Amino acid sequence: MPKLHAKGYKVICYVDVGSWENWRDDAAAFPAQLLGTGYSGFPDERWLDIRDVNPSLSQTGMKLADILSRRFDRAKGMGCDAVEPDNMDGYDATAHEASGFPLTYEDQMYFNLWVASQVHARGMAVGLKNNINQARDPRTYTTFDFVVSEQCFQYKECPYFNQFL
């Protein structure tokens, strides 16, 4: 990353926050009760019970918060300028398969704002990835620094992100 920074580039690091992947070096750290249904199209991936970062809802003593905090520390230590957190819409069964957990809009919002605060506390910017159904919520567009939308033209979703730069 020093070469990229020397050229004036900003480095955005991908961090999966809303799903578990069995091939990640920290996969064994995830308690089984946090693993939900399979992620369609990705046979080695499962949704996570994102409520675990909320002290009043955690079933594991906030293990997910610990795991994700280590991932954010790693991104910072690598020299990332920003984080692109993936799978930030597990609550939204209209966008994909159900997560296997009774996640609500507010559960997801709590999680997303927690992710943003953790990334910001490390001095990095944070993006909202996809999640069209929360993009227009003022809590979202006033907290996240940018948007990553994989297929906004294809699915005509770009107007959902018009509150962002």
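About the cut-offs
- Note on numbering: residues in each chain are counted from 1, in written sequence order.
- Note on the predicted model: pLDDT of at least 70 is required for a residue's local features to be given, and 80 or more for side-chain atom pairs to be given and counted; whole-chain, interface and lining totals, by contrast, use all residues.
- Just so you know, side-chain values use all the structure's heavy atoms and leave hydrogens and water out.
- By definition, disulfides here are pairs of cysteine sulfur atoms that lie within 2.5 Å.
- Helix and strand assignments come from DSSP, with helices taken as H or I runs of at least 4 residues and strands as E runs of at least 2, each series counted from the N terminus.
- Buried means the residue's accessible area, taken with a 1.4 Å probe over protein chains only, is under 20% of the maximum for its type, while exposed means over 50%, and partly exposed covers the values in between.
- Geometry of aromatic contacts follows a simple scheme: Phe, Tyr and Trp rings, the Trp one being its six-membered ring, pair when their centres are within 6.5 Å, and the pair is stacked under 30 degrees between planes, edge-to-face over 60, tilted otherwise.
- By the criterion adopted, a ring carries a charge over it if an Arg CZ or a Lys NZ lies within 6 Å of its centre and within 35 degrees of its normal.
- Whether two strands pair comes down to DSSP finding at least two bridges between them.
- Note on definitions: angles span 0 to 180 degrees between N-to-C directions of axes, and those axes are lines fitted to C-alpha atoms, for helices only across the stretch in contact.
- Here, residues are in contact when the closest pair of their heavy atoms is within 4.5 Å.

1. With respect to the state of the cysteines
- Within the structure shown, the criterion is met by two disulfides.
- Between the sulfur atoms of C13 and its disulfide partner C80 the distance amounts to 1.9 Å. Taking the torsion about the sulfur-sulfur bond, which here is approximately -85°, the covalent link between C13 and C80 counts as left-handed. Of this pair, C13 sits in strand β1 (residues 12-16) while C80 is found in the loop between α2 (63-78) and β5 (82-86), placing the two residues 67 residues apart along the sequence.
- By relative accessible area, C13 is classed as buried at 11%.
- For C80, a relative accessible area of 4% corresponds to the buried category.

2. A short note on the packing of aromatic side chains
- Tallied over the entire structure, the rule returns five aromatic pairs.
- Seen from their ring centres, Y39 and W47 are 4.7 Å apart, and the 35° between their planes marks the pair as tilted. Accessibility classification places Y39 together with W47 in one group, the buried group.
- Ring geometry for F111 against W114: centres 6.5 Å apart, planes inclined by 25°, an arrangement best described as stacked. Here F111 pairs with W114, and both are found in helix α3 (residues 105-121), just three residues apart, close to one helical turn.
- Accessibility expressed as a relative area gives 12% for W114, which makes it buried.
- A connected cluster of aromatic rings, assembled from ring pairs, spans Y39, F42 and W47.
- Above the plane of the ring of Y160 lies R136, whose end atom (NZ or CZ) is 4.7 Å from the centre.

3. Here's the deal with the sheet that holds strand β7 (residues 146-148)
- Taken together, the four strands give an open sheet; going across it, the order is β1-β5-β6-β7, and neighbouring strands pair in parallel fashion. Across the chains shown, the open sheet's two edge strands, defined by having one partner strand only, are β1 and β7. Sheet twist, expressed as the mean angle between neighbouring strand axes with direction ignored, is 35°.
- In this sheet, strand β6 (residues 125-129) lies alongside β5 in parallel orientation, the contact comprising two bridges. Residue pairing across strands places A82 opposite A125, the latter belonging to β6.
- Packing against the sheet, α2 makes contact with β1 and β5, and its axis sits at approximately 165° to β1.
- Contacts from α3 reach β5 and β6, with the element oriented near 155° to β6.

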